Amino acid sequence: MKRNIILIVALIAIGIIGRVIPHPYNFTPITAIALLSAHAFKNKWIAVLLPLVSFWISDLIINNFVYAGYYDSFKIFSPGVFWIYGSIACISLMGRFSLKKINPKKIGLSSVAGSVIFFVVTNFGVWAMSAMYAKSFAGLIQCYSLAIPFFGGTILGDLVYSTVLFYSYSLAFSKDAILQKAKNLS
């Protein structure tokens, strides 16, 4: 139980700090946290809620302090909350299936899959909910096309954070020893 509390607090803190500190666009730890939570916690609700709580707390800070000048009042949720949070929940659920047994290849593939899920779902939400794009197939393609430059940061951030978090988890908590498996690959 103590191990779980430490891990929960650490992952929430990493998620908040990773989103609040200056970083390249979309280079954040949220997908990695969703994947590690999916692997580390048997309780699916903790696995899904942990990255959402981390994202929500960091959003409170970002929206009400960093970008406070853009809003008329205190923001409890970001615009597009259902699309963003829905994609994070989907990533956690995907991780529960893809990361039952882990190795570096599965972590990498799950991380890239998480990046794709986030890209597809959140940009569909931007297209569907905003007036920025025509509500046509051409408008949808334009929305996805203009988001491509941000996708690189998403993939890179997800891969880097997943590597660091799973490796750290293996060092600190795991008897599975991802380290041993990684050594065998080299």
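Look up a bit, the structure's there.
Definitions and limits used
- Residues numbered from 1 in each chain as written.
- Predicted model: local features only at pLDDT ≥ 70, side-chain atom pairs only at ≥ 80, totals over all residues.
- Heavy atoms only, no water.
- Helix = DSSP H or I, 4+ residues; strand = E, 2+ residues; numbered from the N terminus.
- Rg over C-alpha atoms; globule rule 2.2 N^0.38 Å.
- Buried < 20%, exposed > 50% of the residue type's maximum accessible area, 1.4 Å probe, protein only.
- Areas by Shrake-Rupley, 256 points an atom, 1.4 Å probe, with all protein chains shown as cover.
- Lys, Arg positive; Asp, Glu negative; His and termini not counted.
- Charge placed at Lys NZ, Arg CZ, Asp CG, Glu CD.
- Phe/Tyr/Trp six-rings, centres within 6.5 Å; stacked < 30°, edge-to-face > 60°.
- Lys NZ or Arg CZ within 6 Å of the ring centre and 35° of its normal.
- Patch = residues over 30% accessible without salt bridge, like charges linked within 9 Å, V, L, I, M, F, W, Y side chains within 5 Å.
- Salt bridge = Lys/Arg side-chain N within 4 Å of Asp/Glu carboxyl O.
- Disulfide = S-S within 2.5 Å.
- Core = buried A, V, L, I, M, F, W, Y, C linked by side-chain atoms within 4.5 Å.
- Contact = heavy atoms within 4.5 Å.
- Expected span 1.5 Å × (residues − 1).
- Polar contact = N/O pair within 3.5 Å; in protein donor to acceptor, adjacent residues only side chain to side chain.

Student: I tried to follow the overall build of the protein on my own but got confused; where do I start?
Tutor: Of the regular secondary structure elements, the protein holds 7 helices and 0 strands. Counting helices and strands in the order they occur from the N terminus, the protein gives α-α-α-α-α-α-α. Taken over C-alpha atoms, the radius of gyration comes to 17 Å for the protein, in line with the 16 Å a tight globule of 186 residues would show. The buried share among the 186 residues of the protein stands at 43%. Put simply, the protein shows about 10500 Å² of open surface, and 72% of that area lies on carbon and sulfur atoms. Both charge centroids of the protein, one from 15 positive and one from 4 negative side chains, sit 16 Å from each other.

Student: Help me out: how do you make sense of the packing of aromatic side chains in this one?
Tutor: Any two aromatic rings considered together are summarised by their centre-to-centre distance and by the angle between their planes. Within this structure, the stated rule accounts for 10 aromatic pairs. Geometrically, the ring pair formed by F27 and Y161 is tilted, given 5.7 Å between the ring centres and 55 degrees between the ring planes. With F27 in the loop between helix 1 (2–20) and helix 2 (30–40) and Y161 in helix 6 (residues 137–172), the pair connects residues that are 134 residues apart, well separated along the chain. Grouping aromatic residues by their ring pairs yields a cluster made of F55, W56, F77 and Y85. For the cation-ring pair, R19 lies above F55, with the distance from its terminal atom to the ring centre recorded as 3.8 Å.

Student: Sorry if this is basic, but what is going on with the environment of C90 here?
Tutor: Tracing the backbone shows C90 in helix 4 (residues 81–98). On a C-alpha basis, the gap between C90 and V121 in space is 9.6 Å, while along the polypeptide they are 31 residues apart.

Student: What's the story with a nonpolar patch on the surface in this structure? I'm lost.
Tutor: A surface patch of nonpolar side chains, amounting to about 530 Å² of accessible area, comprises F65, V66, Y67 and Y70. Along the polypeptide, Y70 turns up in the loop between helix 3 (44–66) and helix 4.

Student: Can you help me understand the state of the cysteines in this one?
Tutor: Between two cysteines, a covalent bond joining their sulfur atoms is known as a disulfide. Enumeration according to the criterion identifies 0 disulfides in this entry. C90 takes part in no disulfide bond, and the closest cysteine sulfur to it belongs to C143, at a distance of 18 Å.

Student: Could you clarify how one ought to interpret the nonpolar core in this entry?
Tutor: Burial of nonpolar side chains together is a common tendency in soluble globular proteins. Ranked by size, the top nonpolar core spans 32 residues in total, and within it L11, L36 and F166 carry the most contacts. For this core, the secondary structure elements donating two or more residues are helix 1, helix 2, helix 3, helix 4, helix 5 (104–129) and helix 6. Those residues within four positions of L11 in sequence are excluded, and the remaining contacts are I33, L36, S37, F41, L50, S54 and L165. Among the nonpolar cores identified, the runner-up in size contains 8 residues, and F119, L140, A147 and F151 belong to it.

Student: What am I meant to see in helix 3 here?
Tutor: Each α-helix winds once per 3.6 residues, and so residues spaced three or four apart point in a common direction. Between its terminal C-alpha atoms helix 3 stretches 32 Å, which fits the 33 Å expected from 23 residues at 1.5 Å a residue. In this structure N43 caps helix 3, since a side-chain oxygen of it lies 2.7 Å from the backbone nitrogen of W45.

Student: I would appreciate a short explanation of the side chain of N63 in the present structure.
Tutor: Tracing the backbone through its elements, the reader meets N63 in helix 3. There is a polar contact of 2.9 Å between the side chain of N63 and the side chain of S78. The contact partners of N63, leaving out residues within four places of it in the chain, are A68, Y71, K75, F77 and S78.

Student: Looking at this structure, how should I read the environment of N103?
Tutor: With respect to the helices and strands, the residue N103 is situated in the loop between helix 4 and helix 5. Taking the C-alpha atoms as reference points, N103 and M129, 26 residues apart in sequence, are found 38 Å from one another.

Student: Please explain the environment of M132 as it appears in this structure.
Tutor: For M132, the position within the fold is in the loop between helix 5 and helix 6. M132 sits in the exposed class, given a relative accessible area of 58%. Placed 11 residues apart in sequence, M132 and C143 show a C-alpha to C-alpha distance of 8.5 Å.

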